[in-house]
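Structural description and commentary
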Amino acid sequence: MTTTVYGLKNCDTCKKALKWLDRFGVAHTFVDYREDKPTPETLVAWAGKLGGFEAMVNKSSTTWRQLPDNRKAAASDAEWKLLLREYPQLIRRPLVVTEDGGISQGFSDNGFKKRFGID
């Protein structure tokens, strides 16, 4: 099974997740979503599986805090899609998608062990 990890190449959490996957032999590819922005359809699919657009956003990030209040108050899917396409770094990372359609955000050793069935 191939796993796709979406994130930013200079993100420490993404680097830790990738090292973990390498260490445990989990086949994966990495997509930097600043360079290869997710399509609006992909964003909608992710939001549907993660509990909505707000659940996808890292609201403690510097980028979020620097946004004007009117941008933070996205009221529709269209506004969220525009915001996340313009600022993909707002998406909590890493975002991990497996071939079976499973999707998760963030990294922890125990969380990944559970996710990938490693004792």
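Now for a quick tour of the structure. (Residues numbered from 1 in each chain as written. Predicted model: local features only at pLDDT ≥ 70, side-chain atom pairs only at ≥ 80, totals over all residues. Heavy atoms only, no water.)

**Digging into the overall build of the protein**
Just so we agree on the cut-off: Comment: elements are numbered from the N terminus, with helices defined as DSSP H or I runs of at least four residues and strands as E runs of at least two. Our radius of gyration looks at C-alpha atoms and nothing else; its globule reference is 2.2 Å times the residue count to the power 0.38. A simple rule labels every residue: compare its accessible area, found with a 1.4 Å probe on the protein chains alone, to the largest value its type can have, and call it buried under 20%, exposed over 50%, or partly exposed in between.
A tally of helices and strands in the protein yields seven helices and four strands. For the protein, the succession of helices and strands along the chain, N to C, is β-α-β-α-α-α-α-α-β-β-α. The C-alpha atoms of the protein give a radius of gyration of 14 Å, which matches the 14 Å a tight globule of 119 residues would have. Over its C-alpha atoms, taken along the principal directions, the protein stretches across nearly 45 × 25 × 25 Å. A total of 119 residues make up the protein; the buried ones form 39% of that total.

**Some points on the sheet that holds strand β2 (residues 28-32)**
Cut-off, in case you're wondering: Here a strand pair is declared whenever DSSP counts at least two bridges between the two strands. In this description, a line fitted to the C-alpha atoms serves as the axis of each element, helices being fitted only across the stretch in contact, and the angle between N-to-C directions of two axes falls anywhere from 0 to 180 degrees. By the convention used here, residues are in contact when the closest approach between their heavy atoms is within 4.5 Å.
With mixed pairing, four strands are arranged side by side in an open sheet as β2-β1-β3-β4. For this open sheet the edge positions go to β2 and β4 (103-105), each flanked by a neighbour on one side alone. Between one strand axis and the next, the sheet turns by 20° as a mean value, whatever way the strands run. Note that strand β3 (residues 95-98) and β4 share three bridges and pair antiparallel. The residue bridging V96 from the neighbouring strand is S104, located in β4. Relative to the sheet, helix α1 (residues 12-23) contacts β1 (3-7) and β2, its axis offset from that of β2 by approximately 165°.

**Here's the deal with the nonpolar core**
Where we set the bar: Think of a nonpolar core as a cluster: buried Ala, Val, Leu, Ile, Met, Phe, Trp, Tyr and Cys residues, connected wherever their side-chain atoms sit within 4.5 Å.
Residues W46, M56, L84, I91 and L95 are the most contacted members of the largest nonpolar core, which totals 24 residues. Those elements that place two or more of their residues in this core are α2 (40-50), α3 (53-56), α6 (77-86) and β3. It is α2 that contributes the most residues to this core, four residues altogether. Beyond its immediate chain neighbours, meaning those up to four positions away, I91 contacts Y33, P38, L43, W46, M56, L84 and Q105. Counting 10 residues, the second-largest nonpolar core is a separate cluster that includes L18, W20, L21 and F112.

**Looking at the packing of α2 against α6**
A pair of packed helices is characterised by two quantities: the angle between their axes and the separation of those axes. Rules: In this scheme, roughly parallel covers angles under 35 degrees and roughly antiparallel covers those over 145, while 65 to 115 is roughly perpendicular and the rest are oblique. Helix crossings are classified by the rotation of the near helix relative to the far one: an anticlockwise turn of less than a right angle makes the crossing left-handed, while a clockwise turn makes it right-handed. Throughout, the ten residues Ala, Val, Leu, Ile, Met, Phe, Trp, Tyr, Cys and Pro are labelled nonpolar, Asp, Glu, Lys and Arg are labelled charged, and all others, Gly among them, are labelled polar.
Axis separation between α2 and α6 bottoms out at 10 Å; the angle between their running directions is 110°. When the interaxial angle is binned, α2 and α6 end up roughly perpendicular. In this structure, α2 meets α6 at a crossing whose hand is right-handed. Contacts from P40, L43 and V44 in α2 reach K81, L84 and R85 in α6. Looking at the contact of α2 with α6, its residues break down into four nonpolar, no polar and two charged.

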